[in-house]
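# Analysis of the macromolecular model
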Amino acid sequence: MRLVKTVAALRCALGLFRSTAEDAAVGLVPTMGALHVGHRSLLERARSQCGFVVVTIFVNPLQFGPQEDLARYPRDLAADLAICEAAGVDLVFVPEAAELGVGPDRPALTQVIPPAELTDRLCGRSRPGHFQGVATIVTKLFNLVQPDRAFFGQKDAQQVTILRRLVRDLDLPVELVVCPTVREADGLALSSRNRYLTPTEREQALALSRSLQQAAQRFQDGARSAAELLDPLRAELQAAPGVALDYAELVEPDSLQPLAVVTEAGLLAVAVVVGTTRMIDNWLLQARKPIVAIDGPAGAGKSTVTRQVAQQLGLLYLDTGAMYRSIAWLALDRGLDPADCPAMAELAASCTIRFGDPIAPGGDQRVWVDDHDVTQAIRTPEVTAQVSTVAAHREVRQALVAQQQAIGRQGGLVAEGRDIGTQVFPDAEVKIFLTATPRERARRRLQDWRDRGQADLPSLEDLEASITERDRLDSTRAVSPLVKAADAWELVTDGLTIGQVVQAIIDRVPSHTP
């Protein structure tokens, strides 16, 4: 692990890495230090998805108001570096404020101003200028590091929403990865500011997570209106000793606009002051049929299992592979070269792919590209031969992921792949990591080849070694890496029949659906 303190050294270190690892993703974890287990979960996610991990430690003066805790914000660089080292971080950037152009000698620093509709509510009401300061420094870090992915925690939900808008509106080439809030065993969301709390105040602070959990339970029991969800929550917090309520609101997660009723999704967001410490927390509510995300390595039986799970639950099977096939078909239909990245990016960004009921129970999904039924056409050998070329384009994947997320907005689907639970549907109600040992997957593949009458088969040992190497490559590639979501249930299928695997997954799907 290397520690750098200047922009010049940061760029030099990144340049050296990129010159020797062209296809490896760079991950960025921006922090203000005082690292804890929640930060460590971000570091571990970044390490699992990226070939090179950069952590920044910078207490940003621009996001602190005149009466806030900039001077006393906790700092412990030695402890932070130890956590980074243990998590396998490659590079830690610890600049002084002046190095990032923040200080009395740069009073007219150019700043990024997010839309007021996102910043003037929730925390923005009591922290004017805070999100402008966050957006400015995060944009500078994105520009300096130029990461493929940047990792943030769901606990800072308003910040995440603003940064998503920032990335979208400024067309920044970075993928935001939002990781679940990490909590103590008693429910308290981890925060660097928790260390301000006395033992008594920490006990009082539990009212925050407790009130949110109770509201979430009311939602599960059928409550949908803001009054049903917020009135008891506010009453509990206002009655809690030592707790001063700043706000408790129900908003739409992407726009942060107030919700009267949750029809698809809602964010319960709360801020309180305990002692002298301001604390925030939130809970995401989903009013939809469940999304089941099934990820895993090649040869684990994902496609067969996913089709059967969708059929038995009466949910849509989102055949993501058919989407890449559709772009390949469209390219061939229009006489375009599938290796032409700009042409493929334009196709993927301008077409619409729709799914319908299977042609036959358990069969292929019916697929339309714009107004063309391509269900059969995308299964031809000519299309199959071009799918890998099309899928290798990062821009194609980005466009199709956006379509997949649009399809899944109302829930009610089952999808499989390498990053369904981590990137495409990180808020899926059920996440499964379906796997088997390399030896078992090699044995299954050899048996399948024998059943098809294929000759000149490799040895079991050689095939096992090949599968192990493919797992390594799939897990470290820059585009769509194979990663087990932190909240996914790992299901090892050695010794299980397909029926047993399907039933095990169905047993984890919530029985109550809207």
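Quick summary incoming for the structure in this document.

The rules behind these values
Residues numbered from 1 in each chain as written. Predicted model: local features only at pLDDT ≥ 70, side-chain atom pairs only at ≥ 80, totals over all residues. Heavy atoms only, no water. Pairing = 2+ DSSP bridges. Helix = DSSP H or I, 4+ residues; strand = E, 2+ residues; numbered from the N terminus. Axes fitted to C-alpha atoms, helices over the stretch in contact; angles between N-to-C directions. Contact = heavy atoms within 4.5 Å. Buried < 20%, exposed > 50% of the residue type's maximum accessible area, 1.4 Å probe, protein only. Polar contact = N/O pair within 3.5 Å; in protein donor to acceptor, adjacent residues only side chain to side chain. Expected span 1.5 Å × (residues − 1). Core = buried A, V, L, I, M, F, W, Y, C linked by side-chain atoms within 4.5 Å. Phe/Tyr/Trp six-rings, centres within 6.5 Å; stacked < 30°, edge-to-face > 60°. Lys NZ or Arg CZ within 6 Å of the ring centre and 35° of its normal. Salt bridge = Lys/Arg side-chain N within 4 Å of Asp/Glu carboxyl O.

### Considering the sheet that holds strand β6 (residues 175–179)
An order of β1-β4-β3-β2-β5-β6 is seen for the six strands of this open sheet, with the pairing classed as parallel. Among the strands making up the open sheet, the edge pair consists of β1 (2–4) and β6. Within this sheet the neighbouring strands show an average axis-to-axis angle of 25°, counted without direction. Lying over the sheet, helix α1 (residues 7–20) contacts β1, β2 (26–31), β3 (52–57) and β4 (91–93), oriented at roughly 160° with respect to β4. Running at roughly 165° to β6, helix α7 (residues 157–169) makes contact with β5 (149–153) and β6 of the sheet.

### Focus on the environment of D337
Within the fold, D337 resides in the loop between α11 (320–333) and α12 (341–350). Accessibility expressed as a relative area gives 47% for D337, which makes it partly exposed. D337 sits 38 residues away from G299 along the chain, and the two C-alpha atoms are 30 Å apart. Within polar-contact distance, the side chain of D337 engages the backbone nitrogen of A339 at 3.0 Å.

### A short note on helix α16 (residues 438–451)
For α16, spanning 14 residues, the distance from its first C-alpha to its last is 20 Å, which sits close to the expected 20 Å at 1.5 Å a residue. All of the buried residues along α16 are E440, R441, A442 and L446. Following α16 by one or two positions, G453 has its phi on the positive side, about 80°.

### Regarding the nonpolar core
If you look at soluble globular proteins, the nonpolar side chains tend to sit buried side by side. In terms of nonpolar packing, the biggest core is built from 35 residues, with I327, M344, I353 and F425 touching the most fellow members. In this structure, M344 is in contact with I327, A331, L336, D337, P338, V390, H393 and V396, ignoring residues within four places of it in sequence.

### Observations concerning helix α6 (residues 130–145)
The terminal C-alpha atoms of α6, which comprises 16 residues, lie 23 Å apart, in line with the 22 Å expected from a rise of 1.5 Å per residue. With respect to burial, α6 is a largely interior element, 13 of its 16 residues being buried.

### Let's talk about the sheet that holds strand β9 (residues 277–286)
Sheet architecture is open: three strands sit in the order β7-β8-β9, paired in antiparallel fashion. Where the open sheet ends on each side, the last strands, each with one partner, are β7 (243–251) and β9. Pairwise comparison of adjacent strand axes, ignoring direction, gives a mean angle of 15° for this sheet. Strand contacts of helix α8 (residues 199–220): β7, β8 (265–274) and β9, with the helix running at about 15° to β9, the strand carrying the most contacts.

### Some points on the packing of aromatic side chains
Taken as a whole and judged by the stated rule, the model has two aromatic pairs. Taking the centre distance of 5.9 Å and the plane angle of 80° together, the rings of F64 and Y73 count as edge-to-face. Look at Y73 and you get buried, because its relative accessible area is 7%. The side chain of R224 reaches across the aromatic face of F219, ending 3.9 Å from its centre. A cation over an aromatic ring shows up here: R508 above the ring of W489, its NZ or CZ 4.2 Å from the ring centre.

### Some remarks on the pattern of salt bridges
Any two side chains of opposite charge can pair, so long as their charged atoms come close to each other. Applying the stated criterion to the full structure yields 25 salt bridges. Ionic pairing is found between E236 and R210, a salt bridge with its closest N-O pair at 3.0 Å. One end of the pair, E236, is in helix α9 (residues 226–239); the other, R210, is in helix α8, with 26 residues separating them in the sequence. The partly exposed category is assigned to R210, whose relative accessible area is 37%. Of the charged contacts, one joins R444 and E440 as a salt bridge, the two residues approaching to 3.0 Å between their closest N and O atoms. On the criterion of helical spacing, the pair formed by R444 and E440 is a turn pair, its members being four residues apart in helix α16. Owing to a relative accessible area of 22%, R444 belongs among the partly exposed residues under this scheme. Residue classification places E440 among the buried residues on the basis of a relative accessible area of 12%. A single salt-bridge network, built from bridges that share partners, covers R149, E175, R397 and D419.

Shape is all these values report; function is a separate question.
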